[in-house]
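Structure assessment
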Amino acid sequence: MKISKTIALLATALALSNPALADVGKDVYTKVCVTCHATGLAGAPRYGNAADWGPRVSGGIAGLYQSALKGTPKGMPAKGGHMTLPDADVKAAVDYMLGSVKDALKTAKAEPEAKKEEPKKVEAKKEEPKKVEPKAAPAPAPVAAPAPAPTPVAVSTASSEDVNSFNRLLKPASKRNLPPPEDGIHDPANDGTHALQPPLTAFGTLPKSMAGNRINWVEAIAQKKINPRYDRNDPKAEPIVMDLNIVREVKGSMPDVVYPHKQHTEWLDCSNCHPAIFVPQKGANQISMAAILLGEKCGVCHGKVAFPVSECRSCHSKKKDMAKVAAPAVESK
């Protein structure tokens, strides 16, 4: 679809939006949408980035509203995971984000039109051939000794533009669970690598998931499909399972984080996390999404051997009372 039609759709959408909802849209974006739409997490179109929003705007404002309200298969949860939000507030947030790219899309439209002028034809002048006097052949130059061959330099094939290149479980589905010789972890030159069982064969009977390496490992333990070995030296050692949930309150309207010890201690001993990663003391651990994305705190495992951070609702699972969250904002006006 041409960029001019995209501009028309965007202008129509913003014209029809209720001006009284402008502040509401900004508030919802700041409290709910900013987590993904500020950084492009899980493929979300970034606020103020015309290149991200252009293809989506071309489908019409109704389609954008539908995606925001109902969610998308690619990772956008319905209403950003806040099901208590009124539909009008969600649409206002969409309008607010579209407003950030309106001028940028207009500029993008103007550039192709400026190039429509046909170039002027310039006739080349015919020049008469010049007479070239024969020159004496130059004396042969002395032959220098061949230069030594340059030392090969290893070049990384990893894309430096991929901000999630460190997070291998955020790879496309077609790149997950590759055979050992192709996974970039094992040595393809080692004959033993080719004798290993391919993951897709090993995972065939396990319960499926839509995230990470597509296996629901917690459910696999519950169904007795797998039996993790708790001690390297003692195959009969039983795990010490701690059935305790730790709840971390999150500012704004994002659901609170629930850390279930039970599902973790079925796999791991306490010493795997304490005290090197988490200090077992209230208030002693500063945890943020930035730290997790950089492979710290929860990111030590999640994204590498556990589900990636794109699955927001797997951790942010304790819903808040939206009326209580919104109350202070109303009182401050």
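Below is a short write-up of the structure. Note that the structure is predicted; figures quoted are calculated from it, not measured. Here the residue index of a chain counts from 1 through its sequence in written order. Reporting in this predicted model follows two pLDDT cut-offs: at least 70 for local features of residues, and 80 or more for side-chain atom pairs to be given and counted; totals over whole chains, interfaces and linings ignore these cut-offs and use all residues. With hydrogens and water excluded, all non-hydrogen atoms of the structure serve as input to the side-chain values.

A look at the packing of aromatic side chains
Within 6.5 Å between ring centres, the rings of Phe, Tyr and Trp (the latter by its six-membered ring) count as paired, and their orientation is classed by plane angle as stacked under 30 degrees, edge-to-face over 60, tilted in between. The final tally for this structure, using the stated rule, is five aromatic pairs. With a centroid separation of 5.3 Å and 85 degrees between ring planes, the pair formed by Phe203 and Trp217 is classed as edge-to-face. A residue pair is termed long-range when its members are at least 10 positions apart, and Phe203 in the loop between helix H8 (199-202) and helix H9 (217-222) and Trp217 in helix H9 qualify at 14 residues. Whether a residue is buried, partly exposed or exposed follows from its accessible area with a 1.4 Å probe, protein chains only, as a fraction of its type maximum: under 20%, in between, or over 50%, in that order. With a relative accessible area of 22%, Trp217 lands in the partly exposed category. Ring plane angle 85 degrees and centroid distance 6.3 Å describe the contact between Trp217 and Trp267, whose orientation is recorded as edge-to-face. Here Trp267 lies in the loop between helix H10 (261-265) and helix H11 (289-293) and Trp217 lies in helix H9, a separation of 50 residues in the sequence. On the accessibility criterion, Trp267 (34% relative accessible area) is partly exposed. Of the aromatic side chains, those joined through ring pairs into one cluster are Tyr29, Tyr47 and Tyr96. Secondary structure elements follow DSSP: runs of H or I no shorter than four residues count as helices, runs of E no shorter than two count as strands, and numbering proceeds from the N terminus.

Quick word on the packing of helix H2 (residues 22-37) against helix H5 (residues 87-99)
Look at H2 against H5: their axes get within 8 Å of each other, and the N-to-C directions meet at 75 degrees. Our classification of the angle between H2 and H5 gives roughly perpendicular. Judged by residue contacts, Val24, Gly25, Lys26, Val28, Tyr29, Cys33 and His37 of H2 engage Asp89, Ala92, Ala93, Tyr96 and Met97 from H5. Angles run from 0 to 180 degrees between N-to-C directions of axes, and those axes are lines fitted to C-alpha atoms, restricted for helices to the stretch in contact. An angle below 35 degrees is read as roughly parallel, one above 145 as roughly antiparallel, one from 65 to 115 as roughly perpendicular, and any other as oblique. We call two residues in contact when some of their heavy atoms are within 4.5 Å.

Side note on the sheet that holds strand S3 (residues 316-318)
Taken in spatial order, the three strands make up an open sheet running S1-S2-S3, and their pairing is antiparallel. Edge positions in the open sheet fall to strand S1 (245-248) and S3, since each of these has one partner strand only. Neighbouring strand axes in the sheet, compared pairwise and without regard to direction, differ in orientation by 55 degrees on average. Two strands are said to pair when DSSP picks up at least two bridges between them. Relative to S3, strand S2 (residues 256-260) runs antiparallel, the two sharing two bridges. Counted as the bridge partner of Val257 is His316 from S3.

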